[in-house]
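Chain and residue survey
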Amino acid sequence: MFRKIVWATDGSAGADHALGYARDLARADGADLVVVHGEQLSAARSSIGYTRRVDEGDLEAKIKRQVAEMAESGIAVSVKVIGGHAPAATLIAEVAEEIGADLVVVGTRGHTPLGGLLLGSVTDRLLHTLRCPVLAVPLAAESGRAG
């Protein structure tokens, strides 16, 4: 059913939980899995511009371990680290379009509908901008899958 699946991750528990779904779907369909991670930039500007978050190196190392585990299990997986000052949803959508993704899998932050409306949400924006299906996995989803 799916040929190319994007798993978008910010390294959060919600994204890690969604990984179980992306991994299982890729394995079941023999799909390529493209891991998309937006480099985390500090909101504070310095004299040289925006700077990477202090923990960005740790996040990237964690994602590399997750990718290595999937590759060892036989899943065709690649990583695309994105950066820029556009909203994360815009950058993820651009990658999905560029590679011809059939599905984008993302976690949710668990906000109430009102909280999501007020605070904005990458997942909500993806649901409204992508041309392919989006699987939004809530952290509380009980399915026996683990990230």
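Here's a quick rundown of the structure. (Residues numbered from 1 in each chain as written. Predicted model: local features only at pLDDT ≥ 70, side-chain atom pairs only at ≥ 80, totals over all residues. Heavy atoms only, no water.)

1. Examining the packing of helix α3 (residues 88-99) against helix α5 (residues 122-129)
Put simply, α3 and α5 touch, their axes get as near as 9 Å, and they point 45 degrees apart. Comparing the axis directions of α3 and α5 gives the class oblique. Pair α3 / α5 crosses with right-handed handedness. Contacts between α3 and α5 pair Ala-88, Ala-89, Ile-92 and Ala-93 from the former with Val-122, Arg-125, Leu-126 and Thr-129 from the latter. Of the residues in the contact of α3 with α5, the class split is six nonpolar, one polar and one charged. (Axes fitted to C-alpha atoms, helices over the stretch in contact; angles between N-to-C directions. Helix = DSSP H or I, 4+ residues; strand = E, 2+ residues; numbered from the N terminus. Parallel < 35°, antiparallel > 145°, perpendicular 65-115°, else oblique. Left-handed = near helix turned anticlockwise from the far one by under 90°. Contact = heavy atoms within 4.5 Å. Nonpolar A, V, L, I, M, F, W, Y, C, P; charged D, E, K, R; others polar.)

2. Section: the environment of Ala-88
Within the secondary structure layout, Ala-88 lies in helix α3. Relative accessible area serves as the criterion here: at 39%, Ala-88 is assigned to the partly exposed category. Along the chain, Ala-88 and Ala-8 lie 80 residues apart, while their C-alpha atoms are 9.7 Å from each other. (Buried < 20%, exposed > 50% of the residue type's maximum accessible area, 1.4 Å probe, protein only.)

3. Overview of the packing of helix α1 (residues 13-29) against helix α2 (residues 56-72)
One can describe the packing of α1 onto α2 by two numbers: an axis separation of 12 Å at closest approach and a directional angle of 20 degrees. By the criterion of interaxial angle, the relationship of α1 to α2 is roughly parallel. Both α1 and α2 take part in a crossing whose hand is right-handed. Residue-level contacts link Asp-16, Leu-19 and Arg-23 of α1 to Lys-62, Gln-66 and Met-70 of α2. Taken together, the residues that form the contact of α1 with α2 break down as two nonpolar, one polar and three charged.

4. Describing α2
The first and last C-alpha atoms of α2 sit 24 Å apart over 17 residues, in line with the 24 Å expected at 1.5 Å per residue. Along α2, the residues classified as buried are Glu-56, Leu-59, Glu-60, Ile-63, Gln-66, Val-67 and Met-70. Each buried residue of α2 sits inside an arc of 120 degrees when the element is viewed along its axis, so together they form one side. What points out from α2, more than 90 degrees from its buried face, is the exposed set Asp-58, Lys-64, Arg-65, Glu-69 and Glu-72. (Expected span 1.5 Å × (residues − 1). Arc of directions from axis to C-beta.)

5. Here we look at the pattern of salt bridges
Under the counting rule described, the total for this entry stands at six salt bridges. One salt bridge in this structure joins Asp-102 and Arg-3, with 3.6 Å as the shortest N-O distance. Of this pair, Asp-102 sits in the loop between α3 and β6 (103-107) while Arg-3 sits in the segment before β1 (4-9), and the two are 99 residues apart along the sequence. The salt bridge involving Arg-27 is made with Asp-24; its shortest N-O contact spans 3.9 Å. Within this pair, Arg-27 and its partner Asp-24 are both found in helix α1, separated by three residues, close to a single helical turn. Taking the relative accessible area as the measure of exposure, Arg-27 reaches 42% and is therefore partly exposed. (Salt bridge = Lys/Arg side-chain N within 4 Å of Asp/Glu carboxyl O.)

6. A few points about the side chain of Gln-66
Tracing the chain through its elements places Gln-66 in helix α2. Look past the residues within four positions of Gln-66 in its chain and what remains in contact with it is Trp-7, Asp-16 and Leu-19.

7. Re the sheet that holds strand β5 (residues 77-82)
Read from one edge to the other, the open sheet built from five strands follows the order β5-β2-β1-β6-β7, with strand pairing classed as parallel. Two strands close off the open sheet at either side, each with one partner strand: β5 and β7 (134-137). Averaged over neighbouring strand pairs, the angle between their axes works out to 20 degrees when direction is ignored. Contacts from α1 reach β1, β2 (32-38), β6 and β7 within the one sheet, and its direction differs from that of β1 by about 170 degrees. Across the sheet, α2 is in contact with β1, β2 and β5; its angle to β2 comes to roughly 175 degrees. (Pairing = 2+ DSSP bridges.)

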